[in-house]
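# Coordinates in review
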Amino acid sequence: MREGHTETAVSTRTGSVVPESLVDRVRDRLAASGDQPTPSRVAAALSAEGEVLGDTAVLDVVIALRSELAGAGPLEALLRQERVTDVLVNGPDSVWIDRGAGLERSAISFRDESSVRRLAQRLASSANRRLDEATPYVDARLPDGSRLHAVLPPVAPRGTCISLRIPRQRAFALADLVSLGAIPTAGAPWLAALIESRAAFLVSGGTGSGKTTLLSALLSLAPSTERVLIVEDSGELDPDHEHVVRLEVRPANVEGSGHVSMRDLVRQALRMRPDRLVVGEVRGAEVVDLLAALNTGHEGGCGTVHANSASGVPARLEALALAAGLGREALHSQVAAGLDAVIHIERDRDGRRRVSGIHALHRGRDGLVASSPAVTFFDHGVELGSHGKQLAARLGIDPGDERIPAGIQ
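Residues numbered from 1 in each chain as written. Predicted model: local features only at pLDDT ≥ 70, side-chain atom pairs only at ≥ 80, totals over all residues. Heavy atoms only, no water.

## Here's the deal with the overall build of the chain
Which entries qualify depends on this criterion: The helix count covers DSSP runs of H or I at least four residues long, the strand count covers runs of E at least two residues long, and both are numbered beginning at the N terminus. Throughout, exposure labels follow a simple rule: accessible area from a 1.4 Å probe, protein chains only, divided by the maximum for the residue type, with under 20% read as buried, over 50% as exposed, and the rest as partly exposed. Every residue pair with non-hydrogen atoms within 4.5 Å of one another is taken to be in contact. For accessible areas, the Shrake-Rupley method is used with a probe of radius 1.4 Å. Any residue's cover is judged against the shown protein chains and nothing else.
Per the secondary structure count, the chain includes 13 helices and 17 strands. Out of the 409 residues belonging to the chain, those deemed buried represent 45%. Relative to all contacts within the chain whose residues are 6 or more apart in sequence, the contacts with residues 24 or more apart total 53%. Carbon and sulfur atoms provide 49% of the accessible area of the chain, an area that totals close to 20000 Å².

## Here we look at the confidence of the model for the chain
Counted only if it meets this: Here pLDDT means the predictor's own confidence in every residue, given as a number from 0 to 100.
Summing up the model confidence of the chain, the mean pLDDT is 83 and the portion of residues at 70 or higher is 84%. In the model of the chain, strand β1 (residues 9-11) stands out as the element of lowest mean pLDDT, 46, in contrast to helix α7 (residues 188-196), which has the highest, 95. A low-confidence stretch, residues 404-409 (pLDDT under 50), is modelled with 13 contacts involving residues beyond four sequence positions or located in other chains.

## Here we look at the sheet that holds strand β3 (residues 86-91)
For clarity, the threshold we go by: A pair of strands counts as paired when DSSP detects no fewer than two bridges linking them. Axis definition: a line fitted to C-alpha atoms, over the contacting stretch in the case of helices. Angles run 0 to 180 degrees between N-to-C directions.
If you walk across this open sheet you meet the 6 strands as β5-β4-β3-β8-β7-β6, and the pairing is antiparallel. Of all strands in the sheet, those with a lone pairing partner are β5 (103-105) and β6 (137-141), marking the two edges. Averaged over all pairs of adjacent strands, the angle between their axes in this sheet comes to 15°, without regard to strand direction. Of the pairings in the sheet, the one linking β6 to strand β7 (residues 147-151) comprises 5 bridges and is antiparallel in character. Its bridge partner lying in β7, Val-138 is registered against Ala-150. Packed onto the sheet, helix α5 (residues 113-126) meets β3, β6, β7 and β8 (161-165) and runs at close to 45° relative to β8.

## A look at the nonpolar core
Just so we agree on the cut-off: Here, nonpolar core refers to any group of buried Ala, Val, Leu, Ile, Met, Phe, Trp, Tyr and Cys residues whose side-chain atoms link them within 4.5 Å.
Formed by 38 residues in total, the largest nonpolar core has its most connected members in Ile-183, Leu-191, Leu-194, Phe-201, Leu-214, Ile-343 and Ile-358. Per element, the largest residue contribution to this core is 7 residues, and it comes from α7. Beyond its immediate sequence surroundings of up to four residues, Phe-201 is in contact with Leu-194, Ile-195, Leu-215, Leu-218, Gly-301, Cys-302, Gly-303, Leu-339, Ala-341 and Ile-343. Counting 34 residues, the second-largest nonpolar core is a separate cluster that includes Leu-229, Leu-265, Ala-269 and Leu-326.

## Quick look at the sheet that holds strand β14 (residues 341-347)
Two orientations exist for strands paired in a sheet by backbone hydrogen bonds: parallel and antiparallel. With mixed pairing, 9 strands are arranged side by side in an open sheet as β11-β10-β12-β13-β9-β14-β15-β16-β17. Looking at which strands have only one partner, the edges of the open sheet turn out to be β11 (244-248) and β17 (381-384). When strand polarity is set aside, the average angle formed by the axes of neighbouring strands in this sheet is 25°. Pairing between strand β10 (residues 228-232) and β11: 5 bridges, direction parallel. By the bridge assignment, Val-231 is partnered in β11 with Leu-247. Running over the sheet, helix α9 (residues 262-269) touches β10, β11 and β12 (276-279) and is turned about 170° from β10.

## So, the pattern of salt bridges
For clarity, the threshold we go by: Any carboxyl oxygen of Asp or Glu that lies within 4 Å of a side-chain nitrogen of Lys or Arg is treated as forming a salt bridge with it.
Under the definition given, this model contains 22 salt bridges. With its nearest N and O atoms 3.7 Å apart, the salt bridge here joins Arg-198 to Glu-299. Taken as a pair, Arg-198 in the loop between α7 and β9 (201-205) and Glu-299 in the loop between α10 (286-294) and β13 (302-306) lie far apart in primary sequence, 101 residues in all. Owing to a relative accessible area of 48%, Glu-299 belongs among the partly exposed residues under this scheme. Between Arg-394 and Asp-340 there is a salt bridge whose closest N-O contact spans 3.4 Å. In this pair, Arg-394 sits in helix α13 (residues 388-395) while Asp-340 sits in the loop between α12 (328-338) and β14, placing the two residues 54 residues apart along the sequence.

So this is what it looks like as structure tokens:
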């Protein structure tokens, strides 16, 4: 041992410690022989290293090794917590979680940077993805439905970074969101009417604001006789509906071939007789095909889009369409004819997620589409905006009706 260096250790349940260098040597010995870290094989490896430990200490070494060789390692305990939605690893001693009230630091830590890197590579491998010097980042869905993003040095100069988005344990109904305070009671009929009237809409908001949760709840209100086609980069939408067909993007293989894009899938979905076409997140050239579908008889289409506000959605769509080769005038013409509304959801500084209201999309004298307030949501109720009556007429609802429709109570 180097002078002045204190070796880290694995604590045992009896209060004693096992040097991590010993755990590393046992791991290397088992890896060389291809053996699994069973108690008997760990005890044999310890004996071969000239170490004799008690049964409890041997079991602690087994647990330490299994945490590295299976599952999410030290993060498993965090992933099993009911309210955790995100687990973020910035380094061996910097693990953060989100339980719905903002980020908080976890007591979990890794032994060193190599441990974080091994976990990131193993998780990527479980999703049949490559993560190494040649491909230093990965974005994939794990077998359990979690969303993985990882970046290796030197792209991440301070060490391997891991981001895990945990799928919801259950699907929220619209009434659940009302009871949680995300939607005022008087706002529920407006949201339900978007589905009932087969209006085309987008849910806008920032990362982690709850766009997917809200869209899933709304899609659950669609009649069971309708066929819902969902196109996503990575499966997240999970509406409580008996006729849902999902299509997911396929990344390129190691040779760089085999990629199936969102735009490819939107085109395929249109040939699968959808009653509702849903794009989980509009963030690329697929906006062109979605708008084309909404303008050729495919009513009730919807999706989510990243935007700071509902009023910023037209500019966001314009930027995406221009990158895909669709001109500004053509884009605004299709948005004006094909999209009816934007629902904006935001996350307060205290972590609370809430729907701020619904904006109507309309075309101005300059030919450009603008997003104007139709209904603003408050904790105590709703307030009609400049385009509230027009949206109410499109949805076929009474602006003064605050009752929650049957079926979402």
